[in-house]
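Remarks on the overall topology
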Amino acid sequence: MKLKGAEILLKALAEEGVDTIFGYPGGVVLDIYDEIYKTQFKHILVRHEQAAAHAADGYARASGNVGVCLVTSGPGATNTVTGIVTAYMDSIPIVVFTGQVPTALIGSDAFQEADITGITRPCTKHNFIVRKVEDLARTVKEALFIARSGRPGPVLVDLPKDVSQAETEYQESGPLKSAYHDPIYIPNLEALNETLQMIKQAKKPVIMVGGGVILGKASDELRKFVDKVQIPVTHTLMGIGAFPGTDSLSLGMPGMHGTYYANMAITHCDLLLTIGARFDDRVTGKLDEFAPNAKIIHIDIDAASINKNVLVDLPIISDSRSALQQLNKMLHQNHFTIPEDDRRKWLEQIRQWKEYAPLSYHREGEKIKPQYVIEMLYKLTKGDAIITTEVGQNQMWAAQFYLFNQPNTFLSSGGLGTMGYGFPAAIGAQVARPDKTVIDIAGDGSIQMNIQELATVVNYNIPVKVAILNNGFLGMVRQWQEIFYGERYSHTNISQIPDFVRLAEAYGAVGLRATKPEEVIPLIEEALNIPGPVVMDFAVDPQEGVYPMVKPGSPISDMDLGK
Amino acid sequence: MEVKKHTIQLVVNNKPDVLARIAGTFSGRGFNIESITANITMNPDVTKINIVTTGDSRTATKIQNQLKKLVDVLQVSHVRETKYGQREMALIRIKLTQETKEEVEKAIEELNCRVITKKSDSCTVEVTGTGNEIDQALTRFGPLGLEDMSRSGIVAL
Ligand SMILES: Cc1ncc(C[n+]2csc(CCOP(=O)(O)OP(=O)(O)O)c2C)c(N)n1
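Residues numbered from 1 in each chain as written. Chains lettered and ligands numbered in written order. Predicted model: local features only at pLDDT ≥ 70, side-chain atom pairs only at ≥ 80, totals over all residues. Heavy atoms only, no water.

A word on the overall build of chain B
Across its full length, chain B carries 4 helices and 8 strands. Traced from its N-terminal end to its C-terminal end, chain B shows the element sequence β-α-β-β-α-β-β-α-β-β-α-β. Principal axes of the C-alpha set define a box for chain B whose edges measure 55 × 40 × 25 Å. The proportion of buried residues among the 157 residues of chain B is 43%. (Helix = DSSP H or I, 4+ residues; strand = E, 2+ residues; numbered from the N terminus. Buried < 20%, exposed > 50% of the residue type's maximum accessible area, 1.4 Å probe, protein only.)

So this is what it looks like as structure tokens:
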């Protein structure tokens, strides 16, 4: 039987297990939208295409599956670019379908034509333009395969209007015999053996994990491994949740706004076992003084990440789960025992660092402290919510003061630092995990970048909670102006903001406000009890800064611990 | 680390945007392309591309690792410096005057050039060889009145 391109698209997606599309219609995708209408394919209509891409990304991060979005050509397509780069930087598997003008018009500057494959070439893992309806089904499957395999990432598929209108015989294609690189790496056993030898010999070992452990679904193996080797674990921003934040071996996050003890442990360790992290400059600080005494082992699925920033002693190209599984097997076979004395001394040293400079803030005063809001969110959700963040101070405080014990529960734009990410990502996460409480921890600046999505959450009664840490400033930029630019607050005062409570209400959501510390707990309790979307507006102390802090370019051991 | 030339050979899917992807990988990551050639192979579905770049050996490895990630790049190899494995061709136009004519002819013979055209006041010759040999030819013809030249970039096996 012959099917239309639009039908083939939805059929191929369904065959790949995709059951939700985030999207926004327009002229060249009308045939696809007509098919969505007829088949009742689950589609969430957002209010801006950037939000469609972020929602697909949030869906992917929360579920561990590929997120999918669909937009029209030209401005619809270009509006997704920030979302695509956000996913690219954090290796998140999404597939973006963009409409395109009919093939005969491509290249003629037709109405709403944009060369979106050209535009996104450097920021997608791969992209396609489908020129024949016969290629469509296979391309859809390849796109999903590429997005989720190896080091995941965004893939874009450009669909000219005539291709979604044309008809062809639909053939169910079997499992993909892709010509593409086989992404499953089998870790080098010798190197893993050497890893265990190095662990045995190390007196002060540290494990650093990144997003690769979450993407590789290796958290359970990591726990088993750490349980056996008793090595303290630090996690990057992307690695939050890969290892339980409440575990006594957890060091929290390293780097610019990391913990004092994570940075000290890295600086003094003699072995740094890094798994699925890429030594971003926000983590390493001054490169020459990063882990200066350590042998470094780096396990990563992407060979291009190894020796890119930091030269390592033992590179291992593997996905995190295969490597950890194999290490656990070896530990078991070798009757591994830890060098007790050395380990006790090292853990004692770390305990002292933790005691010397725990994460803290001044609790006293009339004003609500933003950190306090996060602590209370943590307490009242029993640490069991999915948290998304915007970017800035809100993001760092969320990373510092909410403890995550599960992977796929902290969703934040780490690599690109995209303000406006958190709210639409929360929508995607909530759609993927309807059972969970999902909270976007936001700043008053960031939330305004995709605030239109209030219409989406009300439309579908998606019960996302937004907690705005309202400081009347672009807080993180203000903090840098305070420290590095002589308190000249150039264009960071945004106190001309809408009344978020009334704004939420105007959209049909619930808005709540707290201005005093004692109002925080009852407000959060009330919000969590409301079965629909809620905006919580916390008037927080605008003077508050994120500490500890390492100045850019300084070694990570050189920390300003705050006032 | 020593900065030198590296020849990287790619086998890629024969698709219209594959060159753009490769060039974009170089420019986006701050690597430099000194020369590039793309040639058909025995298999019409794939193309062979030779790129000469400069950098230390760590940079060369980084480039290769990035190129390997491109979906349409099927194979990446670093072509080692073998004398006959890498060839390049140049066309060189040289001015001829009464004084230089003899010198030029001598050079043409010694450098094993092929004369393509010859007029009373200029001649065009073809030189084939390693990159070094082409460089030598250019140095030799330079002072004799080199008018223009064009190099093919490397082909390698
Ligand atoms: C799209 C975008 N534009 C600009 C920036 C630069 N930037 C980083 S943090 C920040 C301030 C964020 O302010 P707000 O959302 O109020 O959060 P706060 O830092 O006050 O918690 C800005 C402007 C960015 N990260 N993303």
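A closer look at the interface of chain A and chain B
Much of the literature gives interface size as the accessible area that the parts lose upon coming together. On the chain B side, the residues contacting the 16 residues of chain A number 15 residues. Buried surface at the junction of chain A and chain B, both sides included, amounts to about 1,300 Å², of which 49% is carbon and sulfur. Counting across the interface, chain A meets chain B through 1 salt bridge. Lys 69 of chain B is the partner of Asp 302 of chain A in a salt bridge, and the nearest nitrogen-oxygen pair spans 2.7 Å. In this assembly, chain A and chain B are joined by 5 residue pairs in polar contact (both at pLDDT 80 or more). Residues that form the side of chain A that touches chain B fall into these classes: 6 nonpolar, 5 polar and 5 charged. (Contact = heavy atoms within 4.5 Å. Buried area = accessible area lost by both parts, 1.4 Å probe. Salt bridge = Lys/Arg side-chain N within 4 Å of Asp/Glu carboxyl O. Polar contact = N/O pair within 3.5 Å; in protein donor to acceptor, adjacent residues only side chain to side chain. Nonpolar A, V, L, I, M, F, W, Y, C, P; charged D, E, K, R; others polar.)

Observations regarding the domain arrangement of chain B
Residue and element names in this part refer to chain B. Looking at the assigned domains, one finds that chain B contains domain 1 (4-79) and domain 2 (86-156). Here domain 1 and domain 2 have C-alpha centroids that lie 29 Å from each other. Taken residue by residue, the interface counts 9 residues in domain 1 and 6 residues in domain 2. Summed over both partners, the interface of domain 1 with domain 2 comes to about 570 Å²; 50% of that surface belongs to carbon and sulfur atoms. Connecting domain 1 to domain 2 are 0 salt bridges. Counting the contacts that link domain 1 with domain 2 gives 4 residue pairs in polar contact (both at pLDDT 80 or more). Among the elements of the structure, β1 (4-13), β2 (35-40) and β3 (46-55) are those that each provide at least two residues to the side of domain 1 that touches domain 2. Sorting elements by how many residues they give to the side of domain 1 that touches domain 2 places β2 first, with 4 residues. When grouped by side-chain class, the residues that make up the side of domain 1 that touches domain 2 number 3 nonpolar, 6 polar and no charged. (Domains from an automatic or database assignment.)

Thoughts on the side chain of Thr 100 of chain B
Residue and element names in this part refer to chain B. As for its placement among the helices and strands, Thr 100 is situated in the loop between β5 (86-95) and α3 (101-110). Reaching out from Thr 100, the side chain makes a polar contact with the side chain of Thr 97 at a distance of 3.0 Å. Excluding anything up to four places from it in sequence, Thr 100 contacts Lys 95 and Leu 144.

Regarding helix α12 (residues 260-268) of chain A
Among the 9 residues that make up α12 of chain A, 8 are buried, leaving the element largely enclosed by the rest of the structure. Residues of α12 of chain A that are buried include every one of Tyr 260, Tyr 261, Ala 262, Asn 263, Met 264, Ala 265, Ile 266 and Thr 267 of chain A, and no others.

Some remarks on the pattern of salt bridges
Opposite charge on two side chains makes pairing possible when the charged atoms of those side chains draw close. Residue and element names in this part refer to chain A. In the structure shown here, the tally under the stated rule is 39 salt bridges over all chains. Salt-bridge contacts for Asp 135 lead to Lys 132; the nearest nitrogen and oxygen are separated by 3.9 Å. Its relative accessible area of 24% is what places Asp 135 among the partly exposed residues. Note that Lys 516 and Glu 519 form a salt bridge whose closest N and O atoms lie 3.5 Å from each other.

Digging into the pairing of β3 of chain B
Residues and elements named next belong to chain B. Counting buried positions along β3 gives 8 out of 10 residues, so the element sits mostly inside the fold. In this sheet, β3 lies alongside β2 in antiparallel orientation, the contact comprising 6 bridges. If you follow Asn 39 over to β3, its bridge partner there is Lys 48. Once β2 ends, the chain turns through 5 residues before running back antiparallel as β3. (Pairing = 2+ DSSP bridges.)

Regarding helix α15 (residues 340-356) of chain A
All names here are of chain A. Taking 1.5 Å per residue, 17 residues should reach 24 Å; α15 reaches 24 Å between its end C-alpha atoms and fits that length. Turning to α15, its buried residues are Arg 343, Trp 346, Ile 350 and Trp 353. For α15, the arc enclosing every buried residue in end-on projection is 85 degrees, short of the 170-degree limit, so these residues lie on one face. Turned more than 90 degrees off the buried face of α15, the exposed positions are Glu 340, Arg 344, Lys 345, Glu 355 and Tyr 356. On its buried side, α15 packs onto α9 (189-201), β9 (205-209), α11 (219-229), β11 (250-252) and α12. (Expected span 1.5 Å × (residues − 1). Arc of directions from axis to C-beta.)

Some remarks on the sheet that holds strand β5 (residues 94-100) of chain A
Residues and elements named next belong to chain A. Strand order in the open sheet made by the 6 strands is β3-β2-β4-β5-β7-β6, with parallel pairing throughout. Each edge of the open sheet carries a strand with a single partner, namely β3 (43-45) and β6 (126-129). Strand-to-strand twist in this sheet, taken as the mean axis angle between neighbours without regard to direction, amounts to 20 degrees. Bridge count between strand β2 (residues 21-23) and β3: 3 bridges; the pairing is parallel. Along β3, the bridge assignment pairs Ile 21 with His 43. On the sheet, helix α3 (residues 49-63) packs against β2, β4 (67-71) and β5 and is oriented at approximately 165 degrees with respect to β4. (Axes fitted to C-alpha atoms, helices over the stretch in contact; angles between N-to-C directions.)

Re the sheet that holds strand β17 (residues 438-443) of chain A
Residue and element names in this part refer to chain A. Pairing is parallel across the open sheet formed by 6 strands, whose spatial order is β16-β15-β17-β18-β20-β19. Here the strands that pair on one side only, and so sit at the sheet edges, are β16 (410-411) and β19 (510-514). Strand contacts of helix α17 (residues 393-401): β15 (386-389), β16, β17 and β18 (465-470), with the helix running at about 135 degrees to β17, the strand carrying the most contacts. Set on the sheet, helix α22 (residues 517-529) makes contact with β17, β18, β19 and β20 (534-539); between it and β19 the angle comes to about 165 degrees.

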